[in-house]
Structure formats: structure tokens, C-alpha cells
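Below are the chains, spelled out letter by letter.
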Amino acid sequence: MSRPNVYVTRKVPEQALEILRSVASVTVWDREDVPPPREVILRELAQAEGVFSLLTDRIDAEVMAAAPRLKVVSNFAVGYDNIDIPAATKRGIVVTHTPDVLTETVADFTVCLMLAAARRLVEADRYTRDGKWKTWEPLLLAGQDIHHATLGLIGLGRIGAAVARRAQGFGMRVLYYDVVRREDLERSLSIAYLSLDDVLRDSDVISVHVPLSEHTRHLMGRAQFALMKNTAVFVNTSRGPVVDQRALAEALASRRIFAAGIDVFEQEPVSPDDPLLKLDNAIVVPHIASASIPTRIRMATLAAENLVAVLQGKRPPNPVNPEVLAK
Ligand code: 8YV
């Protein structure tokens, strides 16, 4: 019997390719710096039973229609807003993702951005390198405290909860808003549920941990920044379009809020001309919250395991649309 074809949309860790090659004939887009153009995806998927995709690849109804043999889309990410899930389900295509393995790494990085933005770390580094340090000054590069501050989590899924656990170590009071109330976590983590507006009003640090959907697009806009304290530090490691980026830049430029740590953008890569990049009180990084070496290897191998399981007719560890498997 001939081996199934799998297309991998980027150079990924070798450990993952070995898993795929054990069962399939594997083609890899061989550039690290750019994703395959759409016409390449359309052409490669015409013959493929499986695709190993990244969040930079839009796997929509048109792609699926051009891929008659496709059984599985395995996304190398916990988020899957780059994939049209209803279209996949309609065609009986299994979609999988990589939850859990990145939770702690993303939570670490969220705290890293909170601290760096509150304490003006990047600005201070630039100041020192630029030779601006002439003398010790009482309020030189003074920021906000994180310890014993109030943290407002917008979204209390796996990553939000992992950030809440870290906040305990800083003696923070933790509030949250989510569409689903988690009374178990309220008790075990001593955190309080409030309305979105009340979380925004009461928090010193606000961190967003919701998936991107029609319900969460621009969840944070001008009205939400207007509710925040002018000492507030805002962090986003979820998805860029959850935040109205222009409203965020205005809130930072006018000192409506104190600072922000931003990992994700409405358009990625963000344009070098974006107003956010001109602001000293914004720390901007290129979507790297899960980028520790061990975690990226674990995400890649998990994505490969998910893909191979479907090709072998087994239940994958992390299906997004398990109803397809039941058929
Ligand atoms: C990755 C992420 O950087 O998992 C996600 O949803 O946003 C990040 O962990 C990215 O997805 C890698 O493709």
C-alpha cells in the first residue's frame, strides 16, 4: 500500500519530521523565514492526506475544496483561528492542536512582559546603551510595582490559570472575567470573578488570555482602555485582533494607561511604521510567548503525533472537532 502524503508548511524540529516520516511520505516547505505562498499550499495539498500547519497558514474552505484526499490538519499551536473549523467538520477533516505543552511557558513569558513593562526594562536597557546615564536620579526610570498589585485576567483557561498561580508568588490579588465562571479555580487559587468592566476598573495589571473568535475580536477597545487606571500595565499574549491596536496605541501615547507588553498584533508581522512601535511605554515582541526550545520541540512532536494518529485511524490526543471522529 502506498504511503500517505504529508505536507509540512515550515522547517520544524527534526524530532517531529522523524515521527511523520515513520508513516508518511513527507514534503517540507524549506524556508524558515517565510510561509509558503497560497498557491504552493493549494498545489501541495491537492495530493496530501495530511497537513502540518502553522498559524501563518490560512487553511480555509477554498484550500480544503482543493484537497480532496485531506484527512487531517494538524496545527502547530494551541490557537486555531487560522483554520475554518466548520468547513473542516463538514468535509470530515480532523483538526488538531497543541494545548497543555505550552501553558507554563506562555505563562512565564506573560509574567516576563508584565515585569518588563511595569519596570520599564527595555527603555532602561536602551537608555544605558545610548550613553544617557549621567548620574543617579531619585525617579530615574521609575515604574510600577507588581508585588501586591491587583492582577485582572481576561480569560481563565489553561494559560490564564497558570498566570494566576504565578501571581500568588508575587502576593498579587487576582480578579478575572470569563464567559465561563470557574468556581473551582476561584476557591483553589483564591481569585475573584467580576464583570469585565469591574476587572478593568480595579486592576493594576491586565492580561488577556482568550481565544480569537467573532465574540472576542476587539474585546479591548477605546471604551475598555478608558476604564483602566492611568497606572495600569496591559499585557497581551493571546491573539492580536482581540485588541483594537489603534486604541491601545492612543491609550499609551496619551498616558491613559502606563505601559503595555505586546506579543501579538492585528497584522503579523507588525509594520515597522505602526504607531505602537514609536512608543517608549510599549514593549513589542514578535509572537514568542511559547518560544522556549523544549516547548517548541514538544509542540512540534505533539503536532506530529496528532497527525500520525489520524492517518493510522486512531484517536489523536488533541482533536479540535472530535465530532468528526465519532462519524
Ligand atoms: C506559537 C501560539 O507561537 O500556540 C499558539 O496558539 O500562538 C504560539 O504558541 C505559534 O502558534 C506557533 O505556530
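This is a predicted model, so every value here is computed, not measured. The numbering scheme is per chain: residues are counted from 1 as the chain's sequence reads. Owing to the predicted nature of the model, reporting of local features is limited to residues with pLDDT of at least 70; listing and counting of side-chain atom pairs is limited to 80 or more, with chain, interface and lining totals taken over all residues. Only hydrogens and water are set aside; all other atoms, that is, all heavy atoms of the structure, feed into the side-chain values.

(A) Structural detail: the nonpolar core. What we call a nonpolar core is a set of buried Ala, Val, Leu, Ile, Met, Phe, Trp, Tyr and Cys residues that are connected through their side-chain atoms within 4.5 Å. Only protein chains enter the accessibility calculation, which uses a 1.4 Å probe. A residue is then buried if its area is under 20% of the maximum for its type, exposed if over 50%, and partly exposed in between. The biggest cluster of nonpolar side chains holds 57 residues, and the ones touching the most others in it are Val8, Leu20, Phe52, Leu151 and Leu153. Segments assigned H or I by DSSP are reported as helices when at least four residues long, segments assigned E as strands when at least two residues long, and all are numbered from the N terminus. For this core, the secondary structure elements donating two or more residues are strand E1 (5-8), helix H1 (14-21), helix H5 (103-118), strand E6 (150-154), helix H7 (158-169), strand E7 (173-177), strand E10 (233-236) and helix H12 (293-311). Each of domain 1 (5-99 + 293-324) and domain 2 (103-284) gives at least three residues to this core. Residue contacts are counted whenever heavy atoms from the two residues lie within 4.5 Å of one another. When near neighbours in sequence (up to four residues on either side) are disregarded, Leu153 contacts Gly160, Val163, Ala164, Val174, Leu175, Tyr176, Tyr177, Val199, Ser207 and His209. In this structure, Val208, Ala249, Ala251 and Leu279 belong to the second largest nonpolar core, which totals 29 residues. What counts as a domain boundary in this text is fixed by an automatic or database domain assignment.

(B) Local environment of the packing of H5 against H7. The N-to-C vectors of H5 and H7 enclose an angle of 55°; their axes lie 8 Å apart at closest approach. As far as their axial angle goes, H7 and H5 are oblique. Two packed elements cross with a definite hand, and for H5 against H7 that hand is right-handed. Taken together, the residues of H7 that come into contact with H5 (itself represented by Thr103, Glu104, Val106, Ala107, Asp108, Thr110, Val111 and Met114) are Arg158, Ile159, Ala162, Val163, Arg165 and Arg166. Three classes are used: nonpolar for Ala, Val, Leu, Ile, Met, Phe, Trp, Tyr, Cys and Pro, charged for Asp, Glu, Lys and Arg, and polar for all others, with Gly counted as polar. Each residue belonging to the contact of H5 with H7 can be placed in one class, and the counts come to 7 nonpolar, 2 polar and 5 charged. A fitted line through C-alpha atoms represents every axis, and for helices the fit uses only the stretch in contact; the resulting angles, taken between N-to-C directions, go from 0 to 180 degrees. If an angle is under 35 degrees, it is roughly parallel; if it is over 145, roughly antiparallel; if it lies from 65 to 115, roughly perpendicular; otherwise it is oblique. Definitions for this section: a left-handed crossing has its near helix turned counterclockwise from the far helix by less than a right angle. A right-handed crossing has that turn clockwise.

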